[in-house]
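# Per-entry structural report
In case you want the letters, here they are:
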There are 2 protein chains.
Amino acid sequence: MGWGDLGVFGEPSKETPNLDQMASEGMLFLDFYTANPLCSPSRAALLTGRLPVRNGFYTTNAHARNAYTPQDIVGGIPDSELLLPELLKKAGYTNKIIGKWHLGHRPQFHPMKHGFDEWFGSPNCHFGPFDNRALPNIPVYRDWEMIGRYYEDFKIDLKTGEANLTQIYLQEALDFISKQQASQQPFFLYWAIDATHAPVYASKHFLGTSQRGLYGDAVREIDDSIGKILKHLQKLGISENTFVFFTSDNGAALISAPKQGGSNGRFLCGKQTTFEGGMREPAIAWWPGHIPAGGVSHQLGNVMDLFTTSLSLAGLQPPSDRQIDGIDLLPAVLQGKLIDRPIFYYRGNEMMAVRVGLYKAHYWTWSNSWEEYSKGVDFCPGQNVSGVTTHTQEEHTTLPLLFHLGRDPGEKYPLSFASDEYQRAMEQISVVVQQHKATMVPGEPQLNVCDKAVMNWSPPGCEKLGKCLKQPKSDPKKCFWPH
Amino acid sequence: MGWGDLGVFGEPSKETPNLDQMASEGMLFLDFYTANPLCSPSRAALLTGRLPVRNGFYTTNAHARNAYTPQDIVGGIPDSELLLPELLKKAGYTNKIIGKWHLGHRPQFHPMKHGFDEWFGSPNCHFGPFDNRALPNIPVYRDWEMIGRYYEDFKIDLKTGEANLTQIYLQEALDFISKQQASQQPFFLYWAIDATHAPVYASKHFLGTSQRGLYGDAVREIDDSIGKILKHLQKLGISENTFVFFTSDNGAALISAPKQGGSNGRFLCGKQTTFEGGMREPAIAWWPGHIPAGGVSHQLGNVMDLFTTSLSLAGLQPPSDRQIDGIDLLPAVLQGKLIDRPIFYYRGNEMMAVRVGLYKAHYWTWSNSWEEYSKGVDFCPGQNVSGVTTHTQEEHTTLPLLFHLGRDPGEKYPLSFASDEYQRAMEQISVVVQQHKATMVPGEPQLNVCDKAVMNWSPPGCEKLGKCLKQPKSDPKKCFWPH
């Protein structure tokens, strides 16, 4: 989902009454970011509190490339990384992930080896190979074993867009919450649904109900489900004891628009880019009785903050043996404070841009290559800002492109290099960047090697279902990341 | 102001708490339009309930041109037009206009000759000639006489943007409301402020307070003023007896961005164009005790509806001797009904586009000419939709460009001409257009002739102030309208 997909963020159809109400009962974050314009690295950052370039969720196969975890990826979340659920266990939490894991699908990367106690969902994205049996369909796991595959056992009708998955994920969430409440155990639920990722889907009840088409149907079903989860917490009497945060892992994929793509509001471009449309996210914190209702925060936030904030809520300290990028948002959430901190925008191991206060400096710009663009791959449809949305990798490291996101949230008017304002702002930003780069210790890149042999041919449990497929011979190669 | 300038419509700084609260206490209109992408025709439409092509506020000097009422315009609102205040008088209303009139500045066009009982403000836009005494500065009237001129007596500091005018307009409004309440007289107040029109201004208290720069300061002052007006109505105990409507006369002028231009959210282009950014407007209806709080309406609305709706509120019928384009919105406002009606998008006397339901068909597209564009006149900065934002006038009358505004509010993806959806939608739209054109009787164009001699050289009252200027010899010419 994108920043602009919620009614409260100005979606012209205003079809998210539950999320809008969540905002009116909680706190809306207007300046909240993901750690990467792509799914896997963003999720790895959320669960580790660290930038992908530190936790290994990046590639060095080519300069400034977005990479993720398709079925043939060899890498995944390193054992050396400490994930939020691992740490929460120390405070007695039961941890469950429902939905997309995306931090590697080989046995050593299984979420229950990284702190989760329960899992219902899939290790990869539900796109491809779409029921072409020459390659394995994505498996769906319950805990340690697969219980079926997408398309075969968990249907998505690619023609109508009908699928019941969000309802299944919702029921899993409600059941888990009920169970935890009954046993009086604290819990962490990571509800990682995927209905708004192409191929977009919705259940029958929601199909055709949105002004926005199938994508809007999916948003409406998610919105409805979130309303049900919040009401469930209230009904069980634990809403004042449960911190809930809603956000997204990257900007709306405009390449899938208008039928399967969402909205980034007035921000530039979308998923895959380091413009605001690629990384500014809808974000709402909800905790009745603690967070003042109707709050609006300009705190610069990041999905990595959920790591540190959650630890703080559980009375735990973040690990001290490594650099943690996430900050504790509680002072912002509970007391409306503003904590000074930068936001970094990466592609691979290249810092493309940085935001400090209301200024954003681009050190590199790249939408995607001419070659891809000429084939119709367009992350900025209908948008063309001269010298900004570039189809060659443009280096601006000596004289960054600078935008004032208050006056110009759409990144259309770079400040004049000769202006006093430019000089003043860059002086401040340069210090932040210098410090960031000087202390940066990149992790071992996990997204460099691909091998068809590691695909989900025979996940654990496949034999019981008669769903094991024959694994081809190993043939590891550098993954190809086009943008 | 533009659709996207309000927090409630997703402005990323969310700096309009009073308008946002007005929406939460009243009804937000998401699909509300102006009658023209330019000021004067839009205001003429608002006050007559008729399209500019009927009430004469258009030009035929060249094809599909935007025209308005600069100081050298010869025309104005014809006597034959019936204005809202003229009609409201029959129901005992006292009518006041505060701010910009813009329906002609020659004596016969004076607002008090067209139904208003009081006036404080200026007949034209406050831009130009900016204190260049070779041409008259815009006068400010109190009722029948000028009491000074912009820049000379009503300062706008073009360097700092400081001006006290919104505060003066606010005080005028509060005083008028108090007076009417005291005398128990029903009233119509047309509060037509101009602080967000370039040159944008704000008073000292608001200067530098917005994340958005000077434009945001102006928006904040307007927002604050509206909050004060609503509170005043409540304090006087007449809020449940007063219908308040907030809207704008055209989309944000992106040509003035980022320093003096606002936001049209995710809509395409801005003021001067017949894309959504030029004509979709922020709109809020407020009437405590009558309008259900927190309502959201998808009713297709238009500023012309304020004419018919206001008459309805006063128990009056609209004139039956002429075509009225405005509809009575009360069923939508009070009962949440949806009334089927089209929206027409005109430039001059050319119907450029029409909206029927969620479909919008463009019969002509034109951003502006190449000649202007190459000089830096850009109504769609950073936006370029191939075949849609055209710099030549493109005719699509045989095969209109069709958009689904639910899936594609940004008008980026025209539907395929060959699709069933296109065929079905165009069948319905064609009937509407045919009927509209068959019954169209254009008024006499008022915006064709310009003459320096008619400028505000010696408005009534100038002699008392020693501010009469020497009128040059009459030299009427066709006005030049470049876009």
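Given the structure is predicted, the values throughout are model-derived calculations rather than measurements. Counting of residues starts from 1 at the beginning of each chain's written sequence and follows it residue by residue. Labels are handed out in written order, letters beginning with A for the chains and numbers beginning with 1 for the ligands. Local features in this predicted model are restricted to residues of pLDDT 70 or higher, and side-chain atom pairs are both shown and tallied only at a pLDDT of 80 or more, whereas totals for entire chains, interfaces and linings draw on every residue. Just so you know, side-chain values use all the structure's heavy atoms and leave hydrogens and water out.

### Considering the relation of the copies chain B and chain A
Each of the two chain copies goes to the other by way of a rotation about an axis and a shift along it. Each copy of the sequence occupies a distinct position, and chain B is placed on chain A by a rotation of 180° and an axial shift of 0.0 Å, giving an RMSD of 0.0 Å. The two molecules are tied by a two-fold rotation axis, judged by turn and shift. Measuring from the rotation axis to each C-alpha of chain B, the shortest distance belongs to Gly10(B), at 1.9 Å. Residue contacts are counted whenever heavy atoms from the two residues lie within 4.5 Å of one another. Comparing interface residues between copies, 100% of those in chain B also sit at the interface in chain A, which points to an isologous, same-surface contact. The atoms used to superpose the copies are C-alpha atoms, taken from residues with pLDDT of at least 70 in both, and the fit is least squares.

### Some words on unusual backbone geometry
The linkage connecting Ala198(A) with the following residue, Pro199(A), adopts the cis geometry, with an omega of -5°. One non-glycine residue with positive phi stands out, namely Ala64(B), at about 60°. Each helix corresponds to a stretch of at least 4 residues labelled H or I by DSSP, and each strand to a stretch of at least 2 residues labelled E; elements are numbered beginning at the N terminus. Examined against the element boundaries, Ala64(B) turns out to sit in the loop between α3 (52-55) and α4 (84-88).

### What to know about helix α11 (residues 420-438) of chain B
Residue and element names in this part refer to chain B. Residue count minus one, scaled by 1.5 Å, sets the expected span of a helix. Between its first and last C-alpha, α11 extends 27 Å over 19 residues, near the 27 Å set by a 1.5 Å rise per residue. Classification of residues uses two cut-offs on accessible area relative to the type maximum, computed with a 1.4 Å probe and protein chains only: under 20% is buried, over 50% is exposed, and between them is partly exposed. For α11, the full list of buried residues reads Glu-421, Tyr-422, Ala-425, Met-426, Ile-429, Val-433 and His-436. Looking at the packing, one finds that the buried side of α11 touches α3, β13 (343-347), β14 (350-356), β15 (359-362) and β18 (401-404).

### As for the interface of chain B and chain A
Contacts between the two partners involve 37 residues from chain B, matched on the other side by 37 residues from chain A. Once two parts are put together, the accessible area they lose, assessed with a 1.4 Å probe and summed over both, is termed the buried area. Both faces considered, chain B and chain A share a buried interface measuring about 3000 Å² in area, 60% of it formed by carbon and sulfur atoms. Among the residues chain B hides against chain A, the three largest losses belong to Pro12(B), Gln211(B) and Arg266(B). Together they make up 22% of the total. Just to be clear on terms, a salt bridge is a Lys or Arg side-chain nitrogen sitting within 4 Å of an Asp or Glu carboxyl oxygen. For the pair chain B and chain A, the number of links is 2 salt bridges.

### Comments concerning the pairing of strand β10 (residues 283-286) of chain A
Residue and element names in this part refer to chain A. Of the two faces of β10, the one lined by Ala-283 and Ala-285 and the one lined by Ile-284 and Trp-286 are each fully buried. Pairing between strands is defined by DSSP: at least two bridges between the two strands are required. When strand β1 (residues 27-29) meets β10, the two strands line up antiparallel, connected through 2 bridges. When the sheet's bridge partners are listed, Leu-28 is paired in β10 with Ile-284.

### Brief notes about the domain arrangement of chain A
All names here are of chain A. Domain assignment breaks chain A into domain 1 (7-339) and domain 2 (350-439). Counting residues at the interface gives 22 residues for domain 1, matched by 26 residues for domain 2. Overall, the association of domain 1 and domain 2 removes approximately 2100 Å² of surface from exposure, summing both partners, and the carbon and sulfur fraction of that is 59%. Among the residues domain 1 hides against domain 2, the three largest losses belong to His-63, Leu-268 and Phe-275. Together they make up 27% of the total. Remark: the boundary between domain 1 and domain 2 carries 2 salt bridges. Between Arg-355 and Asp-31 there is a salt bridge, and its shortest N-O distance comes to 2.9 Å. Pairs of N or O atoms are called polar contacts if they sit within 3.5 Å, as long as, within protein, a hydrogen donor faces a hydrogen acceptor (for residues adjacent in sequence, only side-chain-to-side-chain pairs). Where domain 1 packs against domain 2, one counts 9 residue pairs in polar contact (both at pLDDT 80 or more). When residues are grouped by polarity, Ala, Val, Leu, Ile, Met, Phe, Trp, Tyr, Cys and Pro land in nonpolar, Asp, Glu, Lys and Arg in charged, and all others, Gly among them, in polar. A breakdown of the residues in the side of domain 1 that touches domain 2 according to their chemical character gives 10 nonpolar, 5 polar and 7 charged. Note: domain ranges come from an automatic or database domain assignment.

### A few points about the UniProt feature "glycosylation site" (unreviewed entry) in chain A
UniProt positions are given in the numbering used here, feature names are shortened, and annotations may be inferred rather than shown by experiment. The sites that UniProt annotates as "glycosylation site" (unreviewed entry) are Asn164(A) and Asn384(A). Annotated residues spanning 221 residues; largest pairwise C-alpha distance 38.4 Å, indicating distribution over more than one region. In this fold, Asn164(A) is placed in the loop between β6 (145-149) and α5 (165-183). A residue is classified by how much of its surface remains accessible, and Asn164(A), at 45% relative accessible area, is partly exposed. In this structure Asn164(A) touches Lys155(A) and Ser203(A), once residues within four positions along its chain are discounted. In this structure, Asn384(A) sits in the loop between α10 (370-374) and β17 (394-395). The contact partners of Asn384(A), leaving out residues within four places of it in the chain, are Thr389(A), Gly382(B), Gln383(B) and Asn384(B).

### What to know about the packing of aromatic side chains
Residue and element names in this part refer to chain B. A pair of aromatic rings is counted whenever rings of Phe, Tyr or Trp (Trp by its six-membered ring) have centres within 6.5 Å, and the orientation is called stacked for planes under 30 degrees apart, edge-to-face for over 60 and tilted otherwise. Under the definition given, this model contains 42 aromatic pairs over all chains. The interplanar angle of 65° and the centroid separation of 6.0 Å between the aromatic rings of Phe-29 and Phe-32 together place this pair among those described as edge-to-face. Assessed through its relative accessible area of 0%, Phe-29 is described here as buried. Seen from their ring centres, Phe-243 and Phe-245 are 6.4 Å apart, and the 25° between their planes marks the pair as stacked.

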